[in-house]
Amino acid sequence: MEAFTKLNGLVVPLDRSNVDTDAIIPKQFLKSIKRSGFGPNLFDEWRYLDYGEPGKDCSGRPLNTDFVLNQPRYQGAQILLARENFGCGSSREHAPWALLDFGFRVVVAPSFADIFANNCSKNGILPVVLDVMVIEQLFCEVTATPGYHLNVDLETQRVTTPGGGNFSFEIDEFRKQCLLQGLDEISLSLQHADEIRAFEERRRSEEPWLF
Amino acid sequence: MSTKTLYDKIWDRHVVRCAEDGTCLLYIDRQLVHEVTSPQAFEGLRLAGRQPWRTNANLAVPDHNVPTTDRSKGITDPLSKLQVDTLDANCADFGITEFAMNDIRQGIVHIIGPEQGITLPGMTIVCGDSHTSTHGALGSLAFGIGTSEVEHALATQCLNQKKARNMLVSVDGQVGAGITAKDIMLAIIGEIGTAGGTGYVIEYGGKAIRDLEMEGRMTICNMSIEAGARAGLIAVDEKTIEYVKGRPFAPKGDLWEHAVAVWQTLHSDPDARYDREVHLDAATIEPQVTWGTSPEMVVPIGSRVPDPANEPDPVKRKGMQDALNYMGLEAGTPMTEIYPDTVFIGSCTNARIGDLRAAAAIIKGHKIAGNIRRALVVPGSGLVRKQAEEEGLDEIFREAGFEWRQPGCSMCLGMNDDRLTPKERCASTSNRNFEGRQGPGGRTHLVSPAMAAAAAITGHFVDIRTLED
């Protein structure tokens, strides 16, 4: 996993609540057996006017110019500003894979669906939860200000705005360290292999039908 | 005195170790694997030169991509075929038991777990699928995970987890005649919202939940994720134990007696404390129908499509208007004047034998209405299908004009050929009414199997309690 430390990035606002993982990456693209290549199909049904299919070249597809990701001022955005319950729905990790492949490293929202937020942090994407009033303010600022950037610093757990706004956010220490150092969680867990084996032995004696 | 919830008890029994920040290494008893979210995990194992920690803790089945029509020629879609073939190959390579596509035991992963006794009370169970919460109906802590965690569970038999908070949803009293588990769950989601359970494990209690048979409890726990909770739980009782008894993978003999003694402790203590409690009066629950593009956009059948103008919150108001536009509905329309084009009876929510019986009871002796373009019944497993055929349910469905299909996820998400076309309106027993969920531009109304059946024969949504024979 690529580490995440800090980012000063262009922000794109997605003004919808309950954005689900079917919207982030529609199911026809889940047939891939790879982790990469999902970026062109991120938000496929909102981004294009035709029906997207795996293997279809997206460069010539008709764009929905009303959709925010297609607007020239937001090209190159690395921070997605979103509303409540972002990433609800299925557990598909293809959703963060698509966001990452498109270029996003941070999603800022008042709340996230649990599995989605977890999946993000395992792929070098930082989910940042800010108060709903702060989010409202950011939506106003980003819409009013072309080229609006946010500065996101994971070490200090702070988001700063061009106008000097400064907001702190919470993150689990374990998740933070994994992101900061780009750690391989499986290797970390396997350092406790002896403890896992001892646990199994105890459980095998207590509830043998589980083994 | 102990004041533990059921969740506390199962959690405590599975903690291998905890770090200072509360992140714990949680032992996983069972992992269920399907073809969509596992290929990258197996690839990860290979790249790192790792083997599964405990091969026999895993069970695999293809369900999302499989055709529900004739399977004798295999899978025609090359991408679906590749994904299913990849699962077959990975299971063969790593020695994981698989119920392959043409095995009679094949079916939707969350149907076959309980059906086979692979799901047992008190277990921790994971699967790369958000509806893993289903298995909580048997008093097991079961939750959906992403592919990185599928790989982690394969490699270590553990996951890094922080303990969630405890929520009790108690459905008190008795439901009225004709009210099903699906109606109860949609009413709960309507009450607490699709993010209402975020950060919690929900335990369902109250008389109306205890009164449900095991299959109904699975429907309830299945849609915990639609309420934002990662897992749902129901206490073990005599119904649970009776359900598990004699299933192929369930313990036998002395081991069975031992297991039952342990399982009988799997309930919350009388003085257990919850971080949040929600109470619903069962008697007030009516048959439910969703009108929008989120499961919380749900109303009783006797209501009308809500008017966004009455919603004070601007973000919610916009969401409602977007939903009405997508669904092609006008505010104020009676729900009984909505006419589906298609009826889908299936999915991990509602494709068990009891669901098919409930639908068949309504359909028997009727034909599907003239405006219904297609009506599908997709049993949850090969064994559910066989049982239904032995009971003659397939004949009832066929005679009414339904298509009787092979088991799989099918039109719940349309990864196979069973999809809605743009603007096609569907009465569906599945779990998600998101935009495009059942096919691009498709319009989904979530209902119970009985309500879907009634819509099929009348051509519109109707209160099953008023339906005449």
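Quick notes on the rules
Residues numbered from 1 in each chain as written. Chains lettered and ligands numbered in written order. Predicted model: local features only at pLDDT ≥ 70, side-chain atom pairs only at ≥ 80, totals over all residues. Helix = DSSP H or I, 4+ residues; strand = E, 2+ residues; numbered from the N terminus. Rg over C-alpha atoms; globule rule 2.2 N^0.38 Å. Buried ≥ 20, exposed ≤ 12 C-beta atoms within 10 Å, placed from the backbone. Contact = placed C-beta atoms within 7 Å. Axes fitted to C-alpha atoms, helices over the stretch in contact; angles between N-to-C directions. Parallel < 35°, antiparallel > 145°, perpendicular 65-115°, else oblique. Left-handed = near helix turned anticlockwise from the far one by under 90°. Pairing = 2+ DSSP bridges. Expected span 1.5 Å × (residues − 1). Arc of directions from axis to C-beta. Nonpolar A, V, L, I, M, F, W, Y, C, P; charged D, E, K, R; others polar. pLDDT = per-residue confidence, 0-100.

Asks: Can you lay out the overall build of chain B for me, pointing to particular residues and giving the numbers?
Replies: Counting its secondary structure elements, chain B contains 15 helices and 19 strands. Relative to the compact-globule value of 23 Å for 469 residues, chain B shows a C-alpha radius of gyration of 21 Å, a close match. C-alpha extents for chain B along the principal axes are approximately 55 × 55 × 45 Å. Out of the 469 residues in chain B, the part that is buried amounts to 59%. Relative to all contacts within chain B whose residues are 6 or more apart in sequence, the contacts with residues 24 or more apart total 77%.

Asks: Let's hear about the overall build of chain A: which residues, and what values?
Replies: Helix and strand counts for chain A come out as eight helices and seven strands. The C-alpha extent of chain A, read off along each of the three principal axes, is 65 × 45 × 25 Å. Each of the 211 residues in chain A was classed as buried or not, and the buried ones make up 44%. Here the contacts in chain A between residues at least 6 apart in sequence split such that 67% fall between residues at least 24 apart.

Asks: Outline the packing of helix α12 (residues 353-363) of chain B against helix α15 (residues 449-458) of chain B, listing residues and values.
Replies: Residues and elements named next belong to chain B. The contact between α12 and α15 brings their axes to 8 Å, and the two run at 30°. With respect to their mutual orientation, α12 and α15 come out roughly parallel. Note on packing geometry: the crossing formed by α12 with α15 is right-handed. From α12, Asp355, Ala358, Ala359, Ile362 and Ile363 reach across to α15, where they touch Pro449, Ala450, Ala452, Ala453, Ala454, Ala456 and Ile457.

Asks: Any chance you could break down the sheet that holds strand β8 (residues 158-162) of chain B for me, citing the residues and the numbers?
Replies: Residue and element names in this part refer to chain B. Pairing in this open sheet of three strands is antiparallel, and the strands run β1-β2-β8 from one edge to the other. Looking at which strands have only one partner, the edges of the open sheet turn out to be β1 (15-18) and β8. Between one strand axis and the next, the sheet turns through 30° on average, direction left out of account. Bridging between β1 and strand β2 (residues 23-27) involves three bridges; their strand directions are antiparallel.

Asks: For the packing of helix α2 (residues 39-48) of chain B against helix α5 (residues 147-156) of chain B, give the residues involved together with the corresponding values.
Replies: Residue and element names in this part refer to chain B. It is at 8 Å that the axes of α2 and α5 come closest, and there the two elements cross at 50°. When the axis of α2 is compared with that of α5, the two are oblique. Handedness of the α2/α5 crossing: right-handed. Residues Gln40, Ala41, Gly44 and Leu45 of α2 form the contact with α5, whose own contacting residues are Thr147, Val150, Glu151, Leu154 and Ala155.

Asks: Please give an account of the sheet that holds strand β18 (residues 425-428) of chain B that cites residues and values.
Replies: Residue and element names in this part refer to chain B. Strand order in the open sheet formed by five strands is β17-β16-β15-β18-β19, and the pairing between neighbours is parallel. The sheet is open, and its two borders are formed by β17 (403-404) and β19 (443-446), each paired with just one other strand. The pairing of strand β15 (residues 342-345) with strand β16 (residues 374-377) spans four bridges and is parallel. Bridge pairing links Thr342 to Arg374 in β16.

Asks: Describe helix α5 (residues 132-144) of chain A, with residues and values.
Replies: Residue and element names in this part refer to chain A. Between the first and last C-alpha of α5 there are 18 Å, a value that for 13 residues agrees with the 18 Å anticipated at 1.5 Å per step. When α5 is considered as a whole, its buried residues turn out to be Ile135, Leu138 and Val142. The buried residues of α5 occupy an angular sector of 60° when projected down its axis, which confines them to one face. Turned more than 90 degrees off the buried face of α5, the exposed positions are Met133, Cys140 and Ala144. Tucked into the core, α5 has its buried residues touching β1 (6-13), β2 (79-81) and β3 (106-109).

Asks: Account for unusual backbone geometry, with residues named and values stated.
Replies: The backbone of Phe43(A) shows a phi angle near 50°, a positive value even though the residue is not glycine. Within the secondary structure, Phe43(A) is located in the loop between α1 (21-24) and α2 (44-47).

Asks: Lay out the environment of Pro40(A) in plain terms, naming residues and giving numbers.
Replies: Residue and element names in this part refer to chain A. By the element assignment, Pro40 lies in the loop between α1 and α2. The class for Pro40 is partly exposed, based on 18 C-beta atoms found within 10 Å. For the pair Pro40 and Asp57, spaced 17 residues apart in sequence, the C-alpha separation works out to 8.9 Å.

Asks: Requested: an account of the interface of chain B and chain A, with residues and values cited.
Replies: Taken residue by residue, the interface counts 57 residues in chain B and 47 residues in chain A. Listing elements by their share of the side of chain B that touches chain A, those giving two or more residues are β1, β2, α2, α3 (78-94), α5, β8, α10 (253-263) and α11 (314-327) of chain B. Here the side of chain B that touches chain A gets six residues from one element, more than from any other, and that element is α5(B). When grouped by side-chain class, the residues that make up the side of chain B that touches chain A number 22 nonpolar, 25 polar and 10 charged.

Asks: Give me the lowdown on the environment of Ile202(B), citing residues and values where you can.
Replies: As for its position among the elements, Ile202(B) is in strand β10 (residues 200-205). Not counting residues up to four positions away in its chain, the partners in contact with Ile202(B) are Met167(B), Val169(B), Gly197(B), Ser224(B), Ala227(B), Ala229(B) and Gly232(B).

Asks: Lay out helix α8 (residues 193-206) of chain A with the relevant residues and their values.
Replies: Its 14 residues place the ends of α8(A) 20 Å apart at the C-alpha level, agreeing with the 20 Å of an ideal helix rising 1.5 Å per residue. By the criterion of burial, α8(A) is predominantly exposed, with just one of the 14 residues buried.

Asks: Explain the pairing of β18(B) to me, using residue names and the numbers behind them.
Replies: If a strand is regular, its side chains alternate between the two faces of the sheet. All names here are of chain B. Here β18 shows no split at all, with Arg425 and Ala427 on one side and Cys426 and Ser428 on the other all buried. Relative to β19, β18 runs parallel, the two being bridged by four bridges. Note that in β19 the partner of Ser428 across the bridge is Leu446.

Asks: Which residues make up the pairing of strand β7 (residues 141-144) of chain B, and what are the values?
Replies: Residue and element names in this part refer to chain B. Covered by surrounding structure in β7 are Leu141 and Phe143 together with Ala142 and Gly144, the residues of both alternating faces. Sheet topology places strand β6 (residues 124-127) next to β7; four bridges connect them, and they run parallel. Looking at the pairing, Thr124 lines up with Leu141 of β7.

Asks: Residue-level account of the confidence of the model for chain B, with values.
Replies: With 100% of its residues at a pLDDT of 70 or more, chain B has an overall mean of 97. Per the prediction output, this complex has pTM 0.97; the corresponding ipTM is 0.96.

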